[in-house]
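Listed here are the chains, written in short residue letters.
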Amino acid sequence: MAKVKVEFACTACGTTSPKWVGKCPGCGEWNTFVEEVSAAQPRQRGGLPDFPASKPVPLAEVSDTAAVRTTCGIAEFDRVTGGGVVSAAADLLGGDPGIGKSTILLQAARGLARQGKPVLYVSGEESEAQVKLRASRLGVADGGIYLMSETSLERILSAAGELSPAVMVVDSIQTVFSSDLPGAPGSVGQVRECAARLVFFGKKAGISVFLVGHVTKEGAIAGPRVLEHIVDTVLYFEGEKGHPYRILKAVKNRFGSTNEIGVFEMRAEGLTEVADPSGMFLSERSGDTSGTLVFPAIEGTRPLLVEIQALVSHSFLPMPRRTALGVDFNRVILMCAILERKAGVGLHDQDVFVNVAGGIRIDEPAADLALCCALAGSFRDRVVPPGTAVFGEVGLGGEVRAVPMAEMRLNEAAKMGFSRVVLPASNAERLGAKFPVELQPVRHVKEALSRAGGK
Ligand SMILES: Nc1ncnc2c1ncn2[C@@H]1O[C@H](COP(=O)(O)OP(=O)(O)OP(=O)(O)O)[C@@H](O)[C@H]1O
Ligand SMILES: [Mg+2]
């Protein structure tokens, strides 16, 4: 009988230790170590089909047809994956419970099946009948989709070997277990090894594998972080509680950009694409509130108008509060300091709250100027004239610096009916074409406040 040994493993990074430790030496996280039971015998790759051993191949002779992309017909999904599902690639989809992971993968499966790519949908959480119920609600009744309710890795691999689908979905990886390994399903060792075997199997058999991963309350994909290393693409599906909007984004993509986002709306008939996210993010905007401003952001290759909201109010605390939702906290602090020193907006005794409406996150420095204008607008209680959008980076001296893709931002603002745009003077000088919006070039944050500050 195999000797069984008890060890401890970090749920965040997978580091193991023969005894329990409070702080993980690998990632520095506290209280992440859990008990793992592992076999003290050499690991067997049980259940894997017998593949021929790999041999070195000259680069020029490697056929590049091996990495074919198949679009699933959902434009927002295809954009995030970098132009379609890559054959034999492994993708990990993470997201909060009930956000719609199973829904989007079932809808993507329909698109792939329609392209003649058979899909094996393995659910470890729901029975075939439950998946079928969802499929009926979504109107997915296409041939080429095979359902299997299974949690045993060996049985999943043998079914996939027999069926040889083009794509396999495993929903979720935390429910899969291998009888070769001790430990309960969902434990660090099981999740890591089962994911590695599924990815290995997919690569060798030419099957694209989608793994669904649960997200911990801290927001990381539950199970060892190594899961993110062994897959080719890591996608996150996010959304605000109570909002029907969902955002799909790639945080890692070996075959494409990680800047793209896909926007969906959750409806009874499933997730529908939001082709005009700018309209969606601005739909509830009321133009007569001080401290709110529209910023033309760039997400990947697409422009997106978002509303930046600031609330500045007198603080009764010894250390005034600073809260940032949807923008980098440090940038908010930086902008507060610049406003104080370079534009005479005294925020040192004020509580400052910043939010980006719609639950989206903005990481560009191009949002600096909009942030400054929103903060100053709230402090002075001035409403920005309607139809005004603002973008530009702000340096520590208060100078307004050029940002990339100014034309794209201006076109989007014009398309959405904006008539005035406050932008860096250096961007305005370089613009080639005429734009159907009034340009307000500025060189200093003070100048921007007087142009966008309103009454
Ligand atoms: N009849 C319905 N009408 C509208 N929305 C629905 C309906 N049924 C389900 N939903 C939506 O679908 C969501 C569940 O989707 P789904 O099962 O794909 O999520 P999930 O991320 O796979 O969840 P889990 O983590 O539990 O597996 C619900 O939270 C709800 O928003
Ligand atoms: Mg699910």
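Residues numbered from 1 in each chain as written. Chains lettered and ligands numbered in written order. Predicted model: local features only at pLDDT ≥ 70, side-chain atom pairs only at ≥ 80, totals over all residues. Heavy atoms only, no water.

### A word on the pairing of strand 16 (residues 302-314)
The side chains of a regular strand alternate, residue by residue, between the two faces of the sheet.
For step 1, the next point in the chain: In this sheet, strand 16 lies alongside strand 15 (residues 292-299) in antiparallel orientation, the contact comprising eight bridges. By the bridge assignment, Leu293 is partnered in strand 16 with Ile308.
For step 2, the next point in the chain: As consecutive antiparallel partners, strand 15 and strand 16 are separated by two residues, and within that stretch Gly300 has a phi angle of approximately 70°, a positive value.
For step 3, the next point in the chain: In this sheet, strand 18 (residues 350-356) lies alongside strand 16 in antiparallel orientation, the contact comprising seven bridges. Among the inter-strand pairings, Leu311 is bridged to a residue of strand 18, identified as Phe353. (Pairing = 2+ DSSP bridges. Helix = DSSP H or I, 4+ residues; strand = E, 2+ residues; numbered from the N terminus.)

### Comments concerning the sheet that holds strand 8 (residues 145-149)
For step 1, the next point in the chain: Strand order in this open sheet of nine strands is 8-7-9-10-6-11-12-13-14, and the pairing throughout is mixed. Of all strands in the sheet, those bounded by a partner on one side alone are strand 8 and strand 14 (270-273). Within the sheet, the average angular offset between the axes of one strand and its neighbour, ignoring direction, is 25°.
For step 2, the next point in the chain: Alignment of strand 6 (residues 90-95) against strand 10 (residues 208-214), held across six bridges, turns out to be parallel. Paired with Gly95 across the two strands is His214, which belongs to strand 10.
For step 3, the next point in the chain: Packing of helix 2 (residues 101-114) onto the sheet brings it into contact with strand 6, strand 7 (119-123), strand 8, strand 9 (167-171), strand 10, strand 11 (233-239), strand 12 (245-253), strand 13 (261-267) and strand 14, and relative to strand 7 it is tilted by some 160°.
For step 4, the next point in the chain: Strands strand 7, strand 8 and strand 9 of the sheet are contacted by helix 4 (residues 153-163), whose axis makes an angle of about 160° with strand 8. (Axes fitted to C-alpha atoms, helices over the stretch in contact; angles between N-to-C directions. Contact = heavy atoms within 4.5 Å.)

### Focus: the side chain of Glu76
For step 1, the next point in the chain: Here Glu76 shows up in helix 1 (residues 75-80).
For step 2, the next point in the chain: Within the structure, Glu76 has its side chain in polar contact with the backbone nitrogen of Val263 (distance 2.7 Å).
For step 3, the next point in the chain: Once residues lying within four places of it in the same chain are set aside, the contact partners of Glu76 are Ile261, Gly262, Val263, Phe264, Glu273, Val274 and Arg302. (Polar contact = N/O pair within 3.5 Å; in protein donor to acceptor, adjacent residues only side chain to side chain.)

### A few points about the domain arrangement of the chain
Buried accessible area, meaning the area lost when the parts come together, often serves as the stated size of an interface.
For step 1, the next point in the chain: Examined at the domain level, the chain breaks down into domain 1 (4-39), domain 2 (69-275) and domain 3 (284-452).
For step 2, the next point in the chain: Spacing between the C-alpha centres of domain 1 and domain 3 amounts to 45 Å. (Domains from an automatic or database assignment.)

### With respect to the packing of helix 9 (residues 368-380) against helix 12 (residues 445-452)
For step 1, the next point in the chain: It is at 10 Å that the axes of helix 9 and helix 12 come closest, and there the two elements cross at 60°. Here helix 9 is positioned oblique relative to helix 12, judged by the angle of their axes. Of the two possible hands of crossing, helix 9 and helix 12 adopt the one that is right-handed. Contacts between helix 9 and helix 12 involve Leu369, Cys372, Cys373, Ala376 and Arg380 from the former and Val445, Ala448, Leu449 and Ala452 from the latter.
For step 2, the next point in the chain: Tallied by class, residues from the contact of helix 9 with helix 12 come to eight nonpolar, no polar and one charged. (Parallel < 35°, antiparallel > 145°, perpendicular 65-115°, else oblique. Left-handed = near helix turned anticlockwise from the far one by under 90°. Nonpolar A, V, L, I, M, F, W, Y, C, P; charged D, E, K, R; others polar.)

### Description of the site of ligand 1
For step 1, the next point in the chain: Lining the immediate environment of ligand 1, one finds 15 residues, of which Gly98, Lys101, Ser102, Thr103 and Arg134 sit closest.
For step 2, the next point in the chain: Side-chain polar atom of Ser102 to an oxygen atom of ligand 1: 2.6 Å apart, as the coordinates give it.
For step 3, the next point in the chain: At 3.4 Å from an oxygen atom of ligand 1 is found a side-chain nitrogen or oxygen belonging to Glu125.
For step 4, the next point in the chain: About the coverage of ligand 1: the protein hides 64% of its 650 Å² of free accessible area.
For step 5, the next point in the chain: Only helix 2, helix 3 (128-138) and strand 13 provide two or more residues apiece to the shell around ligand 1.
For step 6, the next point in the chain: For the shell around ligand 1, the leading source of residues is helix 2, giving three residues. (Near = heavy atom within 4 Å. Areas by Shrake-Rupley, 256 points an atom, 1.4 Å probe, with all protein chains shown as cover.)

### So, the pairing of strand 12
For step 1, the next point in the chain: Burial analysis of strand 12 places seven of its nine residues in the buried class, the great majority of the element.
For step 2, the next point in the chain: Where strand 11 lies against strand 12, seven bridges are found, and the strand directions are antiparallel. Within strand 12, the residue paired with Phe237 across the bridge is Leu248.
For step 3, the next point in the chain: Of the pairings in the sheet, the one linking strand 12 to strand 13 comprises five bridges and is antiparallel in character. Across the sheet, the residue bridging to Ile247 is Val263, located in strand 13. (Buried < 20%, exposed > 50% of the residue type's maximum accessible area, 1.4 Å probe, protein only.)

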